[in-house]
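For reference, the chains in residue letters:
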Amino acid sequence: KDPEFDPYCDPANPRKIKYDDVLAASRRCVGCVVKTPCVKGHMSETLGMELYFKQEFLQYTGSFKERGVCNTLLLLSDDQKRNGVITASTGNHGMALSYHAARLGIPCVVVMPQRTPLTKISKCTSFGVKPLLHGSSIADAKLYAMTMSKEKKMVYVNGYDHPNVVEGQGTTGLEIMEQVPDADAIVVPVGGGSLICGVGVCAKYIKPSIEIYVVVKEDWVARAVMHIVEQERFVVEGAGATGVAALMAGLFPNLKGKKVVCILTGGNIDTTILARALERGMAAEGRLVKFKVTVSDRPGGMAELCNLMATCGVTLRDCIPERAWVKGDVYSVELKIIAETRGWDHTKELMEMVKKSYKECFFQEIGGSSEKPIVRRGPCLAPNPICMQK
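These numbers come from a predicted model, not from an experiment.

**Q** Would you take a moment to explain the pattern of salt bridges for this structure?
**A** A side chain of one charge can pair with a side chain of the opposite charge when the charged atoms of the two come close. Evaluation of the coordinates by the stated rule reveals twelve salt bridges. The partner of Arg317 in a salt bridge is Glu279, and the shortest N-O contact between them spans 2.6 Å. Of this pair, Arg317 sits in strand 11 (residues 315-322) while Glu279 is found in helix 12 (residues 271-284), placing the two residues 38 residues apart along the sequence. Taking the relative accessible area as the measure of exposure, Glu279 reaches 39% and is therefore partly exposed. A salt bridge links Asp297 to Arg323, with the shortest nitrogen-to-oxygen separation between them at 3.0 Å. Of this pair, Asp297 sits in the loop between strand 10 (288-296) and helix 13 (301-312) while Arg323 is found in the loop between strand 11 and strand 12 (332-340), placing the two residues 26 residues apart along the sequence.

Written out as structure tokens, the structure reads:
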């Protein structure tokens, strides 16, 4: 047989998930996973809607993946529990399986690509399972894991298509409909699709009129991460912020004034990635500006520029002098500056002051205002997206 054949995910024998399956999963997992809060966000006024955040990053391993994993493990037969479970993962699914398998005393193997970040490997280990590293991609890891599952008669737990996993993820929707019963829409981040499938089945059964969304261009994600940190004081990973990113990008103007639930799916973000996301978010909103300016290389030349920026209320973040490749006289130095401002309008004020004081300066092309900068952006992945309609 094909080593990648999964009887739980057979296209020739599709499994249909029903509301009763999700309800049963919810009862089965009581006490095993966290019933996370769904609270009104501070961003409601900014986005012009009554916005609620389902805080799935509060699960013990930091993501909603625990729901599907827990439900799947609880449904294993005694023989399956003895033989154990196996999966291929680069993060949240592997950590969730590691934790709940160790908690239930079920043998578990998590196969990760060799280039998986050390933080995710150490997290899995701390939850009770040391990952097995194999291959250069998740596809290589999956093939290896599925081959091993057949050799050792272990159950391969697919984090996306396994019916019991989908049932477990659907319990998120069940809780949302209990916590915000009059919600008009739910915005769901989509990776493998198990969450939106489970939530859709459950929410649509309870309230057929509710709308389910999610599609966004990636350049908005960093901005969303930054705003969630600043306004809500939640630290979420990029995937967890995609719902907010879609709302910020204006993809759903039809939701203005309505009650909307956004699922923050996970909070497992490396500190270095978080730092990058915050800086990219600031740059995208004109709060970080990069420019070049040629100043006198005599004593006081750089100090004059710093004094000018201070007068404008701008913070100097970084400064790199360049002398060897500067055109013109040898008494000049080109400074590559990264500065922090309050936004687009403040950045324009800085530009005007620098251009007035220095003949040779270069700013990256920007425009717009603090509310809506002018940026050229391609279409997102949505069919006929609202943002691209004329």
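**Q** Quick question: what am I supposed to make of the environment of Tyr144 here?
**A** As for its position among the elements, Tyr144 is in helix 7 (residues 138-151). The class of Tyr144 is partly exposed, set by a relative accessible area of 32%. Along the chain, Tyr144 and His134 lie ten residues apart, while their C-alpha atoms are 7.5 Å from each other. The residues contacting Tyr144, other than those within four sequence positions of it, are Val111, Leu132 and His134.

**Q** Teacher, can you tell me more about the environment of Ala139 here?
**A** Position of Ala139 relative to the elements: it lies in helix 7. Note: C-alpha distance between Ala139 and Met112 (27 residues apart in sequence) is 9.9 Å.

**Q** What exactly am I supposed to notice about the packing of aromatic side chains here?
**A** Two measures describe an aromatic ring pair: the distance that separates the ring centres and the angle between the ring planes. The final tally for this structure, using the stated rule, is eight aromatic pairs. Taking 4.1 Å as the distance between ring centres and 10 degrees as the angle between the ring planes, the aromatic pair formed by Tyr19 and Tyr205 counts as stacked. In this pair, Tyr19 sits in helix 1 (residues 19-28) while Tyr205 sits in helix 9 (residues 194-206), placing the two residues 186 residues apart along the sequence. Between Tyr60 and Phe127 the ring centres are 5.9 Å apart and the planes differ by 55 degrees, which places this aromatic pair in the tilted class. In this pair, Tyr60 sits in the loop between strand 2 (50-55) and helix 3 (65-74) while Phe127 sits in the loop between helix 6 (118-126) and strand 5 (132-133), placing the two residues 67 residues apart along the sequence. Under the relative-accessibility criterion, Tyr60 is labelled exposed at 56%. A residue is classified by how much of its surface remains accessible, and Phe127, at 15% relative accessible area, is buried. A connected cluster of aromatic rings, assembled from ring pairs, spans Phe53, Phe57 and Phe234. Geometry around Tyr331 places Arg298 over its ring, the cationic atom sitting 4.3 Å from the centre.

**Q** Help me out: how do you make sense of helix 8 (residues 163-179) in this one?
**A** End to end, helix 8 covers 25 Å across 17 residues, agreeing with the expected 24 Å (1.5 Å per residue, within 8%). With 15 of 17 residues buried, helix 8 is to be regarded as a mostly interior element.

**Q** What is the right way to read unusual backbone geometry from this model?
**A** Note: most residues except glycine have negative phi, and most peptide bonds are trans. In the Ramachandran plot, Lys153 falls in the positive-phi region, its phi being about 55 degrees despite a non-glycine side chain. For Lys153, the position within the fold is in the loop between helix 7 and strand 6 (155-156). Using a relative accessible area of 64% as the deciding quantity, one classes Lys153 as exposed. The phi dihedral of Arg233 falls on the positive side, at around 65 degrees, and the residue is not glycine. Mapped onto the secondary structure, Arg233 falls in the loop between helix 10 (221-232) and helix 11 (242-248).

**Q** What's the story with the domain arrangement of the protein chain in this structure? I'm lost.
**A** Often, the extent of an interface is quoted as the loss of accessible area on bringing the components together. Taken domain by domain, the protein chain consists of domain 1 (38-62 + 163-281), domain 2 (64-156) and domain 3 (286-363). Of note, the centres of domain 2 and domain 3, computed from C-alpha atoms alone, are 52 Å apart.

**Q** How do you make sense of the nonpolar core when you look at a structure like this?
**A** Side chains that are nonpolar tend, in soluble globular proteins, to be buried together. Among the nonpolar cores identified, the biggest contains 33 residues, and Leu51 and Val244 are the most heavily contacted of them. Only strand 2, strand 7 (185-187), helix 10, helix 11, strand 9 (259-264) and helix 12 provide two or more residues apiece to this core. The leading source of residues in this core is helix 11, at five residues. Non-local contacts of Val244, meaning those with residues more than four positions away in its chain, are made with Met43, Phe53, Ala224, Ile228, Cys262 and Leu264. Grouped together as the second largest cluster of nonpolar side chains are 20 residues, Val85, Val110, Val129 and Val155 included.

Rules of the game
Residues numbered from 1 in each chain as written. Predicted model: local features only at pLDDT ≥ 70, side-chain atom pairs only at ≥ 80, totals over all residues. Heavy atoms only, no water. Salt bridge = Lys/Arg side-chain N within 4 Å of Asp/Glu carboxyl O. Helix = DSSP H or I, 4+ residues; strand = E, 2+ residues; numbered from the N terminus. Buried < 20%, exposed > 50% of the residue type's maximum accessible area, 1.4 Å probe, protein only. Contact = heavy atoms within 4.5 Å. Phe/Tyr/Trp six-rings, centres within 6.5 Å; stacked < 30°, edge-to-face > 60°. Lys NZ or Arg CZ within 6 Å of the ring centre and 35° of its normal. Expected span 1.5 Å × (residues − 1). Domains from an automatic or database assignment. Core = buried A, V, L, I, M, F, W, Y, C linked by side-chain atoms within 4.5 Å.

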